[in-house]
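# Secondary and tertiary structure notes
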Amino acid sequence: QVQLVESGGGLVQAGGSLRLSCAASGLTFSTRNMGWFRQVPGKAREFAAGISWIDGNTDFVDSVKGRFTISRDNAKNTVYLQMNNLKPEDTAVYYCAASGLGGAYSREISKYAYWGQGTQVTVSS
């Protein structure tokens, strides 16, 4: 079965860095767009970053541009989210997601078919 397993979350002070990893199995990783989403209690899950399977183009929500980078290693079936200069407002559960097979890139949640269990990121001020 399909599994997406996130790791790398934790507690960090403002200005610090974390690197999230998401290891995928049971699916054709190289032909799926990959995304990172985040959610805080009481709010809807929101898009944070995405990477296209076609050309490797990356996409970020405005609030993380210049601080986060997303990358993928198709040989390892893994997507990464490097988060630098973290802010308290980045505190959330971060979810990795894989799109349907071979689709055009989108940041819409509905286009992502598979989800990880989430990893908590807490940034203290």
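First things first, this report covers the structure right here in the doc. (Residues numbered from 1 in each chain as written. Predicted model: local features only at pLDDT ≥ 70, side-chain atom pairs only at ≥ 80, totals over all residues. Heavy atoms only, no water.)

## Comments concerning the side chain of Thr-78
The topology assignment puts Thr-78 in strand S8 (residues 78–83). Of note is the side chain of Thr-78, whose polar atom sits 2.8 Å from the backbone oxygen of Lys-76. Apart from the residues within four sequence positions on either side, Thr-78 is in contact with Ser-21, Cys-22, Ala-23, Phe-29, Ser-71, Arg-72 and Asp-73. (Helix = DSSP H or I, 4+ residues; strand = E, 2+ residues; numbered from the N terminus. Polar contact = N/O pair within 3.5 Å; in protein donor to acceptor, adjacent residues only side chain to side chain. Contact = heavy atoms within 4.5 Å.)

## Let's talk about the state of the cysteines
Counted by the stated rule, this structure contains 1 disulfide. Across the disulfide, Cys-22 is cross-linked to Cys-96 (sulfur-sulfur distance 2.0 Å). One disulfide, between Cys-22 and Cys-96, carries an S-S torsion of -70° and so falls in the left-handed class. One end of the pair, Cys-22, is in strand S3 (residues 18–25); the other, Cys-96, is in strand S9 (residues 92–99), with 74 residues separating them in the sequence. Accessibility assignment for this pair places Cys-22 and Cys-96 in one class, buried. (Disulfide = S-S within 2.5 Å. Buried < 20%, exposed > 50% of the residue type's maximum accessible area, 1.4 Å probe, protein only.)

## As for the sheet that holds strand S1 (residues 3–7)
Taking strand neighbours across the sheet as the criterion, the 4 strands line up as S1-S3-S8-S7 in an open arrangement whose pairing is antiparallel. Looking at strand neighbours, the two that pair on one side only are S1 and strand S7 (68–73), the edges of this open sheet. Averaged over all adjacent pairs, the angle separating strand axes in this sheet is 15°, with direction ignored. Bridging between S7 and S8 involves 6 bridges; their strand directions are antiparallel. Paired with Ile-70 across the two strands is Leu-81, which belongs to S8. (Pairing = 2+ DSSP bridges. Axes fitted to C-alpha atoms, helices over the stretch in contact; angles between N-to-C directions.)

## Considerations on the environment of Asp-55
With respect to the helices, strands and loops of the structure, Asp-55 is situated in the loop between strand S5 (46–51) and strand S6 (58–60). By relative accessible area, which is 48% here, Asp-55 ends up partly exposed. Taking C-alpha positions, Asp-55 is 9.9 Å from Tyr-105, a pair spaced 50 residues apart along the chain. Separated by 3.2 Å, the side chains of Asp-55 and Ser-52 make a polar contact.

By themselves these figures say nothing about function.
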